[in-house]
Amino acid sequence: MNNVTFAENALSGQIRNPQSKIRNTIGPGLFVGVGLTSLATLMLQVSLTRLFSVALWHHFAFMVVSIAFLGFGASGTFLMMVPRIKTLSFRPTLACLALGFSMATLASFWCSNMIPFDPARIIWDRYQWVYLVGYYGVLAIPFFFAGLILALVYTGKAEAVNRLYACDLVGAGLGCIAIFAIYSFAGEARTVFVVCLVAGFSSLAFSANGWKVNLVRGPWMLVLCLLFVIKPGVLDLNISPYKPLKVALRYPGARILETRWHPAVRLDVIQSKAVRFAPGLSLEFQGTLPEQLGLCLDAGHLNAVTRFTGNLDPLAFTEFLPASLPYYVIGKPNNVLIIEPLGGLDILLARYHGAKNIVTTHANPLVPRVMRDSLRDFSGNLYETEATAIGEQARSFLLKTPKRFDVIQLPLTDSLGAVSSGLYGLSEDYTHTVEAFKAYISALKPKGLLTVTKYLLPPPRHELRLAALACAALEAMGVRHPERHVAAIRSWGTFTLIVKRSPFEHQEIQRMKAFCRRLRFDLVYYPEMQRAEANKYNRFPSPLYHDIIQKIVNPGTREAFYRAYLFDVRPVTDDRPFFYHNFRMDRLVQLYRAVGNKWQLFLEGGYLVHLIFFQAVLVSLVLITLPLKKAGLPPSSWFLAYFGLIGIAFMLTEICLIQRFILFLARPVYAFSVVLFSVLVASALGSYAISDFGFRIADSNLLLRSDTKSSSPQIRIPHSAFRIRVGRFPVFLMTPVLILAYAFLLDRLLTLAIAWPLWMRHGVAFFVILPLGFMMGMFFPIGVRTLSSYLKDAIPWAWAVNACASVIGSVLAVVVALSFGFKTVLLLASLSYTVALCLLAIIRIRKPHGIGDIPPQGLRGL
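A. How the structure looks around the overall build of the chain. What the chain contains, in helices and strands, is 32 helices and 14 strands. Out of the 862 residues belonging to the chain, those deemed buried represent 61%. Within the chain, contacts between residues separated by at least 24 positions form 78% of all contacts whose residues are at least 6 apart in sequence. Of the roughly 33,500 Å² of accessible surface on the chain, 62% is carried by carbon and sulfur atoms.

So this is what it looks like as structure tokens:
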């Protein structure tokens, strides 16, 4: 049948409506199975990232899981290389693959836990690179099975791709919510069992028939339920022996008192002689510290809870801490705000120095919960009787409260090991940006002080960025001479910066000098300080910190210093909130030589992300080009670029939206779950809104009307086809423009609702994301339906390209944001969607017209 005959028969009603056949052959089980497969996949990805953040360091977890997710792309490549799989019985094959997904998930987790990979040993153990490759291969297997299921579904049922893709996205969206609910009660290994059970149920949804499959599936599901109950020790997480938790537990008599899991963090309460937390304690102190218990977050952030019975005498050691400086400068304060005090040492410090009203903010609710429960008696019920705990980020709190403070303190709450390991290189930190410092300084009373303490970490970088942030924030507030508002001191191991809303007075400077003289701390900077006053007690070869801070506070030398310094110490903003990232590509060789031709420093997260990007691109190129050997060049290869671009653009946009909503939703875990859920569900709605044939109308000059009154079985263009159009205009063409609007206007819009209750802000987030997510969800099903009309066998190839591009896009978003900020990432996403739309138009114009395909010019062209 040629195109002319097809058109004539269609108009005369001689061809039956294929939609009825589609609905009869695609039962609800297929949609449920796709949704459950996607649900299990996202739960697995998130849980592996969390588990390896504890077992390794979080940036290595990001690397391992990102590369392993390329198993999704490998599934499409495999389907292109072994096309006979598509000839097998459809639903039973999917059921077997889903059962394989379930089994592979547990097996890969167990195997990865047995592989002795340890990032800390890469420096001297060359076999660690072999183990790393083993990690990649083992963890990619379950993603391969999941990807193969979806690739088969989209290839075999391309005519219903819009509804199938919608189920895929809804399942993934529900996974964002489910994984966090499960983590709270299931913990580490049990979460993996839940993922296996969900994958098993997807196998049942695909096909409940077949005695051979049921002979394996039934006992397997029972075994999973049994393992969930007993939680065998063989599946306990194998944590690196070089992480602070394991180091502390090697001391005689050390033990874990309690372990709790939260979607954002694992918390261990430990008893160990290694717990001795008093950062920068003066060497003049001759007493003993009170008993302390360790608080360890993700096995790497070691803090402490100090025993407190209400008696202030054992707290005398806090007088010898650098963090007590503001209390000597201004006297006894009325109102004190402490941001993320964790174990509460700085609460005790403020209480000892006479603070009357202490407010604390906590982005993670797990620490205050433990302090109020199991550590209530040991800590003296610190968060109930001594301070008012606010369960949100400090900046969200400050935007809503009219209260003004005498002291705002950003305490040092981590161990030196975690900071020196580069643990935070990829972490977004909205407590250390120009906008954050502006909020802190604005919340101070006229003579109030902001104080921040960091570890001295040679070569100097984090300490210098603190001074840069203070100067930038003061200048943004209209202060003409910020150098008069800043002072700094250092101990043998810490650096403390204090910022005053008004200029420092002579009496305050004298108190600061007396404080340093008594405790043998070094002055670093105060207004009009002489160089000879620096570097007296804890000596460097020269007054290094004084000289550098002088250059930063001086507007005339600041820019020249920024350009010449080995590290990037410029002030960071909310658009680029990576305080601990100091990597400079243009200083790579100089830095390598400056640290004695050693590359250990380059294991920091900021350096590692470029290696991850290189690995992702290399593996993706291999997976994308492999089908050329089997299938050769397709008649048109534009579709490869199209699916690659929409994969990159989707991930760039998704990651930026998560970042934009962190402040608005008060906690990072809320931003991740709410934004990801909103994007995926909105995209599912967009995909579902596309009729199977509706997208063709967008290109056609002929507008066919559906005749709902006619009983003749003819080809219809259903009314749902017009859901993607406004009049005759396809709304998804506005996606690049809408992304640009989000890039420049979203922050202003969210500020209007920042003071609303949290549950209302969740709703605002969903409805703000809905329009963009709706449009983004249209691109993939439109591409698959277009491709299926002339090159259906290449759909697995398109799936491989899209999956690989999604991994590249997730890493690329971090690479670009580290250097240029998240706004640039959104601009890149807009550009990607623009080029993708141009390619779609080229594909529609140049594609070969097969049987039953309506050409771009419509039926008139036939």
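Here the narrative resumes.
B. Seen up close, the sheet that holds strand β6 (residues 357-361). Within the open sheet, the 8 strands sit side by side as β7-β6-β5-β8-β9-β11-β10-β12. Their pairing is mixed. Among the strands making up the open sheet, the edge pair consists of β7 (388-390) and β12 (522-525). Direction aside, neighbouring strands of the sheet carry axes that sit 20° apart on average. Direction of pairing for strand β10 (residues 486-490) relative to strand β11 (residues 494-500): antiparallel, over a ladder of 5 bridges. Bridge pairing in β11 places Arg-490 opposite Phe-495. Of the strands in this sheet, β10, β11 and β12 touch helix α19 (residues 506-519), which is tilted by about 5° from β10.

C. Fine view of empty space enclosed by the protein. Per the counting criterion, the structure on display carries 6 cavities of 30 Å³ or more. Of the voids in this model, the second largest cavity is the one considered here, and its volume is about 90 Å³. Lining the second largest cavity we find Pro-279, Leu-321, Pro-322, Ala-323, Leu-345, Asp-346, Leu-349, Pro-411, Leu-412 and Thr-453. The leading source of residues in the lining of the second largest cavity is helix α12 (residues 345-352), at 3 residues.

D. Examining helix α20 (residues 544-553) more closely. By the burial criterion, the buried members of α20 are Tyr-545, His-546, Ile-548, Ile-549, Ile-552 and Val-553. In this structure, the buried residues of α20 make contact with α18 (462-476), β10, β11, β12 and α21 (555-564).

E. Summary view of the sheet that holds strand β1 (residues 255-262). Strand order in this open sheet of 4 strands is β1-β2-β3-β4, and the pairing throughout is antiparallel. Bordering the open sheet on either side are β1 and β4 (301-306), each of which pairs with just one other strand. Adjacent strand axes in the sheet meet at a mean angle of 20°, parallel and antiparallel pairs treated alike. Pairing geometry for strand β2 (residues 265-271) and strand β3 (residues 292-297), over 4 bridges, is antiparallel. The residue bridging Asp-268 from the neighbouring strand is Cys-296, located in β3.

F. Molecular detail of helix α8 (residues 161-206). Taking 1.5 Å per residue, 46 residues should reach 68 Å; α8 reaches only 16 Å between its end C-alpha atoms and comes up short. Counting buried positions over the 46 residues of α8 gives 35, a clear majority of the element.

G. Structural context of the packing of helix α25 (residues 638-660) against helix α28 (residues 735-751). Running from amino to carboxyl end, α25 crosses α28 at an angle of 10°, the nearest separation of the two axes being 11 Å. Taken together, the axis directions place α25 and α28 in an arrangement best described as roughly parallel. Where α25 crosses over α28, the two elements pack in a sense that is right-handed. Judged by residue contacts, Thr-653, Leu-657 and Arg-660 of α25 engage Ile-739, Tyr-742, Ala-743, Leu-746, Asp-747 and Leu-750 from α28.

H. Structural detail: the pattern of salt bridges. Throughout the structure, instances matching the rule amount to 23 salt bridges. Between Asp-568 and Arg-465 there is a salt bridge, with its nearest N and O atoms 3.5 Å apart. Taken together, the residues span a long stretch of sequence, with Asp-568 in the loop between α21 and α22 (588-594) and Arg-465 in helix α18 at a distance of 103 residues. For Arg-465, a relative accessible area of 0% gives the class buried.

Quick notes on the rules
- Residues numbered from 1 in each chain as written.
- Predicted model: local features only at pLDDT ≥ 70, side-chain atom pairs only at ≥ 80, totals over all residues.
- Heavy atoms only, no water.
- Helix = DSSP H or I, 4+ residues; strand = E, 2+ residues; numbered from the N terminus.
- Buried < 20%, exposed > 50% of the residue type's maximum accessible area, 1.4 Å probe, protein only.
- Contact = heavy atoms within 4.5 Å.
- Areas by Shrake-Rupley, 256 points an atom, 1.4 Å probe, with all protein chains shown as cover.
- Pairing = 2+ DSSP bridges.
- Axes fitted to C-alpha atoms, helices over the stretch in contact; angles between N-to-C directions.
- 1 Å grid on protein atoms, 1.4 Å probe; cavity = no way out; pocket = protein on both sides within 12 Å on 5 of 7 lines; lining within 4 Å.
- Points joined across faces, edges and corners; volume = space filled by probe spheres on them.
- Expected span 1.5 Å × (residues − 1).
- Parallel < 35°, antiparallel > 145°, perpendicular 65-115°, else oblique.
- Left-handed = near helix turned anticlockwise from the far one by under 90°.
- Salt bridge = Lys/Arg side-chain N within 4 Å of Asp/Glu carboxyl O.

Geometric descriptors of this kind do not, in isolation, establish any biological role.
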